[in-house]
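Summary of the model geometry
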Amino acid sequence: SAVISQKPSRDICQRGTSLTIQCQVDSQVTMMFWYRQQPGQSLTLIATANQGSEATYESGFVIDKFPISRPNLTFSTLTVSNMSPEDSSIYLCSGKQGGDTEAFFGQGTRLTVV
Amino acid sequence: GENVEQHPSTLSVQEGDSAVIKCTYSDSASNYFPWYKQELGKRPQLIIDIRSNVGEKKDQRIAVTLNKTAKHFSLHITETQPEDSAVYFCAASRANAGKSTFGDGTTLTVKP
């Protein structure tokens with residue numbers, strides 16, 4: 001499987017500001033996704049990052065709050081905009097080669113909003 | 001959309017005992033069922049997976065079974081060791097739709 005490098009690994013941010021998280025894959029992947037994971041809980045899908053077009057967002061997540069870019073098959077960014085303490089969580093990017101293949105993950109970004 | 005339910009939420013076993021975690025799914029079109037292990041502060045990592053054309057798969061101490069008719073699949077860990085202690089997630093997805101739906105997770109504790 002491919003290896004995803006995600007950064008930053010953690011950050012503490014002021015409310016009202018924005019943070020951009022980056023994921024770089026060491027080989028081309030067909031699909032990339034962004035998840036949120038509260039400590040001790042499951043992974044909640046935010047959106048599917050589509051190469052060269054707008055991301056596909058899950059219910060409850062909107063582009064203005066979580067803009068996503070995917071300029072090529074190895075790189076994607078997620079921005080958490082106008083942050084509030086409720087946005088404090090772990091954000092994970094993931095890649096897959098197909099619907100019926102393994103998902104591999106970045107190491108996660110632990111975000112704390114104060 | 002797909003809904004995956006996972007049980008139990010916590011499981012504590014003695015070292016050497018077996019552990020079983022069960023998941024059910026709702027979308028009959030799902031055909032790929034992976035299991036991930038997530039250690040504290042680490043990323044989830046695949047430990048075993050099964051596709052819908054197979055009923056059982058085994059890899060050393062770990063096995064997964066799938067019942068397509070009942071729409072449930074299970075993870076079996078035999079001869080558990082303290083290093084098996086982690087959170088385990090099941091997931092389901094379809095070949096023609098890439099996103100995975102995850103269960104809520106099971107926290108497994110193996111007591112030495």
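Let me sum up the structure you'll find in this document. The numbers attached to residues start from 1 for each chain and follow its sequence in the written order. Chains carry letters and ligands carry numbers; both start at the beginning, A for chains and 1 for ligands, and go up in the order they are written. Where local features are concerned, this predicted model is filtered to residues with pLDDT of at least 70; where side-chain atom pairs are given and counted, the filter is 80 or more; whole-chain, interface and lining totals use all residues. Hydrogens and water molecules were not included; the side-chain quantities draw on all heavy atoms of the structure.

**Some words on the nonpolar core**
- Nine residue types can take part in a nonpolar core, namely buried Ala, Val, Leu, Ile, Met, Phe, Trp, Tyr and Cys, and a core is a set of them joined through side-chain atoms within 4.5 Å. Three exposure classes are used, based on accessible area relative to the maximum for each residue type with a 1.4 Å probe and protein chains only: buried under 20%, partly exposed in between, and exposed over 50%. Trp 34, Ile 46, Phe 66, Ile 68, Leu 78, Tyr 91 and Leu 111 of chain A are the most contacted members of the largest nonpolar core, which has 26 residues in total.
- In this description, contact between two residues means that some pair of their heavy atoms is separated by no more than 4.5 Å. Discounting chain neighbours no more than four positions away, the residues touching Phe 66 of chain A are Arg 36, Ile 46, Tyr 57, Phe 61, Leu 78, Thr 79, Val 80, Asp 87 and Tyr 91 of chain A.
- Of all hydrophobic cores here, the second largest spans 24 residues; its members include Ile 21, Tyr 25, Ile 62 and Leu 66 of chain B.

**Examining the pattern of salt bridges**
- In the sections that follow, a salt bridge refers to a side-chain nitrogen of Lys or Arg positioned within 4 Å of a carboxyl oxygen of Asp or Glu. Overall, the coordinates contain six salt bridges over all chains when judged by the stated rule.
- For the salt bridge of Glu 58 of chain A with Lys 99 of chain B, the shortest nitrogen-to-oxygen distance reads 3.1 Å. With Glu 58 of chain A in the loop between strand S6 (56–57) and strand S7 (68–72) and Lys 99 of chain B in strand S10 (residues 97–102), this pair bridges two chains.
- A salt bridge links Arg 94 of chain B to Asp 27 of chain B; its shortest N-O distance comes to 3.1 Å. Of this pair, Arg 94 of chain B sits in strand S9 (residues 86–94) while Asp 27 of chain B sits in the loop between strand S3 (19–25) and strand S4 (32–38), and the two are 67 residues apart along the sequence. Going along the chain from the N terminus, every DSSP run of H or I of four or more residues is numbered as a helix, and every run of E of two or more is numbered as a strand.

**Focus on the packing of aromatic side chains**
- When the centres of two rings from Phe, Tyr and Trp lie within 6.5 Å, Trp using its six-membered ring, the rings pair. Their planes under 30 degrees apart give stacked, over 60 give edge-to-face, and anything left gives tilted. Here the structure, examined in full by the defined rule, presents ten aromatic pairs over all chains.
- Aromatic pair Tyr 35 of chain A and Phe 102 of chain B: ring centres 5.5 Å apart, planes at 90°, arrangement edge-to-face. Residue Tyr 35 of chain A is located in strand S4 (residues 31–37), and its partner Phe 102 of chain B is located in strand S10; the two belong to separate chains.
- The class for Tyr 35 of chain A is buried, based on a relative accessible area of 1%.
- According to the relative accessible area criterion, Phe 102 of chain B is buried, its value standing at 8%.

**So, the interface of chain B and chain A**
- Taken together, the contact between chain B and chain A spans 19 residues of the former and 20 residues of the latter.
- By buried area we mean the combined loss of accessible area, with a 1.4 Å probe, across both parts when two parts are placed together. Carbon and sulfur atoms supply 53% of the area that chain B and chain A bury against each other, a total of about 1600 Å² over both sides.
- For the pair chain B and chain A, the number of links is one salt bridge.
- The definition of a polar contact used here is a pair of N or O atoms within 3.5 Å, where within protein one atom must be able to donate a hydrogen and the other to accept one, and adjacent residues in sequence count solely through side-chain atom pairs. Taken together, the connections running from chain B to chain A amount to eleven residue pairs in polar contact (both at pLDDT 80 or more).
- Mapped onto the side of chain B that touches chain A, the elements with two or more residues apiece are S4, strand S5 (45–51), S9 and S10 of chain B.
- Examining the composition of the side of chain B that touches chain A, we find that five residues originate from one element, S10 of chain B, more than from any other.
- Following the grouping adopted for this structure description, the nonpolar residues are Ala, Val, Leu, Ile, Met, Phe, Trp, Tyr, Cys and Pro, the charged ones are Asp, Glu, Lys and Arg, and the polar ones are all others, Gly among them. Tallied by class, the residues present in the side of chain B that touches chain A amount to eight nonpolar, six polar and five charged.

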